[in-house]
Every structure is written in C-alpha cells, then in structure tokens.
Amino acid sequence: MSQTHTTSAASRPLDVKSFAVGVLALMAVVLVALHLVKPEPAVATETVSNRDYQAATAETAAGGDAVYVLDNRTGVLAVLTYDQQRRQMVPRDARRITDLFR
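Residues numbered from 1 in each chain as written. Predicted model: local features only at pLDDT ≥ 70, side-chain atom pairs only at ≥ 80, totals over all residues. Heavy atoms only, no water.

Structural notes on the overall build of the protein
Stage number 1. Of the regular secondary structure elements, the protein holds 2 helices and 5 strands.
Stage number 2. Scanning the protein from its N terminus toward the C terminus, one meets helices and strands in the order α-β-β-β-β-β-α.
Stage number 3. Per-residue burial for the protein yields a buried fraction of 10% across its 102 residues.
Stage number 4. Within the protein, contacts between residues at least 6 apart in sequence are counted, and of these 1% link residues at least 24 apart.
Stage number 5. Per element, the accessible surface of the protein, about 9300 Å² overall, is 59% carbon and sulfur. (Helix = DSSP H or I, 4+ residues; strand = E, 2+ residues; numbered from the N terminus. Buried < 20%, exposed > 50% of the residue type's maximum accessible area, 1.4 Å probe, protein only. Contact = heavy atoms within 4.5 Å. Areas by Shrake-Rupley, 256 points an atom, 1.4 Å probe, with all protein chains shown as cover.)

Spelled out as structure tokens, the structure:
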C-alpha cells in the first residue's frame, strides 16, 4: 500500500535563498520609504553663554550654517562652518572683537 503525501506551500520550510531574497526585498522597501520621508533640516538659532564663552549659530550668506564662538576672557571671536566634503567643522576666521568694530 503506497501513500501519496502532498505538502502545501504553507507547510514547507523556507530555504535559505528564499529567506535571503525576502529579507533583501523588505530592506529595499524600508530604504525607499526612508528616502522619501526626509527630515526637516536643522535650524541654527541657538545661543549658549557662560562666564568664559558665548556661542551662537546663524546661517551664512552661502546658505550653510556657522558657529560663532566668543572667548570673553581674551575677546577673540572665532567663526566655524561645517565642510560637507570633509564632514567636519572648519575654522574660517578668528579675530579680536575690538578689531571687528574699527
């Protein structure tokens, strides 16, 4: 007596290849969704100060953001901007505050 046993797709275990393809497809959908939903850019409008330093952020004429740091003890004002090519803050200029108002 021979028995014929049929297995449905639901009862068959998933092979490794199919599982990997499913995971990659799911990751592709998530990445596309994240690409379409872009967060709002940061707005540079904060000011922080204490006894020794004051720091403020503002937009530059070129469209980027700059950080202005004033050393209250020495009177030096430094300007730093973010360089997207190098992915780091770059000092642009530093001068005594008295020299800026001549």
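Describing the pairing of strand β5 (residues 88-96)
Regular strands place side chains that alternate from one sheet face to the opposite one.
Stage number 1. As paired elements, strand β4 (residues 76-83) and β5 share 8 bridges and run antiparallel to each other. By the bridge assignment for β5, Thr 81 is matched with Val 90. (Pairing = 2+ DSSP bridges.)

Some details on the confidence of the model for the protein
Stage number 1. For the protein, mean pLDDT is 82; residues scoring 70 or higher make up 80% of the total.
Stage number 2. In the model of the protein, strand β1 (residues 47-49) stands out as the element of lowest mean pLDDT, 71, in contrast to β5, which has the highest, 92. (pLDDT = per-residue confidence, 0-100.)

So, helix α1 (residues 16-36)
Stage number 1. Taking 1.5 Å of rise per residue, 21 residues should cover 30 Å, and α1 covers 30 Å from first to last C-alpha, within 8% of that figure.
Stage number 2. Counting buried positions over the 21 residues of α1 gives 0, only a small fraction of the element. (Expected span 1.5 Å × (residues − 1).)

Notes on a nonpolar patch on the surface
Stage number 1. Together, Leu 14, Phe 19, Val 23, Leu 24 and Met 27 make up a nonpolar patch on the protein surface, roughly 520 Å² of accessible area in all.
Stage number 2. Mapped onto the secondary structure, Leu 24 falls in helix α1. (Patch = residues over 30% accessible without salt bridge, like charges linked within 9 Å, V, L, I, M, F, W, Y side chains within 5 Å. Salt bridge = Lys/Arg side-chain N within 4 Å of Asp/Glu carboxyl O.)

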